[in-house]
Amino acid sequence: MSVLLSLETSTQMCSVALHKEGNLLSYSSFMMEKSHSKVILPLIDNILKDASLSKTDIQAVAVAKGPG
């Protein structure tokens with residue numbers, strides 16, 4: 001079981017996703033300019049809950065390369 005947490009914060013859209021063996025398990029996003037730090041942790045908690053997983057299930061983290 002390979003669980004990947006993907007994060008995108010380089011644009012106005014803050015988004016997080018969970019993938020397991022290449023399949024999307026859960027996704028959430030929020031439009032908020034320059035304040036992603038306020039919403040990213042709750043978004044992560046929500047998708048973990050939605051997928052019935054915990055933080056310890058995450059095996060890798062992918063972060064988008066962007067201007068921010």
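Structural notes, computed from the coordinates. (Residues numbered from 1 in each chain as written. Predicted model: local features only at pLDDT ≥ 70, side-chain atom pairs only at ≥ 80, totals over all residues. Heavy atoms only, no water.)

The subject of this paragraph is the overall build of the protein chain. The number of helices and strands found in the protein chain is one helix and four strands. Along the protein chain, from the amino end to the carboxyl end, the secondary structure elements read β-β-β-α-β. Taking 2.2 N^0.38 as the reference for a compact globule, 68 residues should give roughly 11 Å; the C-alpha atoms of the protein chain span a radius of gyration of 12 Å, in line with that estimate. Taken over 68 residues, the protein chain has a buried fraction of 32%. In the protein chain, the share of contacts with a sequence separation of at least 24, taken over all contacts with a separation of at least 6, comes to 46%. Summed over all atoms, the accessible surface of the protein chain reaches about 4,500 Å², with 54% contributed by carbon and sulfur. (Helix = DSSP H or I, 4+ residues; strand = E, 2+ residues; numbered from the N terminus. Rg over C-alpha atoms; globule rule 2.2 N^0.38 Å. Buried < 20%, exposed > 50% of the residue type's maximum accessible area, 1.4 Å probe, protein only. Contact = heavy atoms within 4.5 Å. Areas by Shrake-Rupley, 256 points an atom, 1.4 Å probe, with all protein chains shown as cover.)

In this model, helix 1 (residues 36-50) (15 residues) spans 20 Å end to end at C-alpha, consistent with the 21 Å of a helix rising 1.5 Å per residue. Every buried residue belonging to helix 1 is among His 36, Val 39, Ile 40, Leu 43, Ile 44, Ile 47 and Leu 48, and all of these are buried. In this structure, the buried side of helix 1 is in contact with strand 1 (3-8), strand 2 (13-20) and strand 3 (23-31). Phi for Ser 52, located one or two positions after helix 1, is positive at around 55 degrees. (Expected span 1.5 Å × (residues − 1).)

Strand order across the open sheet formed by four strands is 3-2-1-4, with mixed pairing between neighbours. Sheet topology places strand 3 and strand 4 (60-63) at the edges, where each strand pairs with a single neighbour. With direction set aside, neighbouring strand axes in the sheet form an average angle of 15 degrees. In this structure, strand 1 lies alongside strand 4, joined through four bridges in parallel fashion. Across the sheet, residue Leu 5 finds its bridge partner in strand 4, namely Val 61. Contacting strand 1, strand 2 and strand 3, helix 1 crosses the sheet at an angle of about 25 degrees to strand 2. (Pairing = 2+ DSSP bridges. Axes fitted to C-alpha atoms, helices over the stretch in contact; angles between N-to-C directions.)

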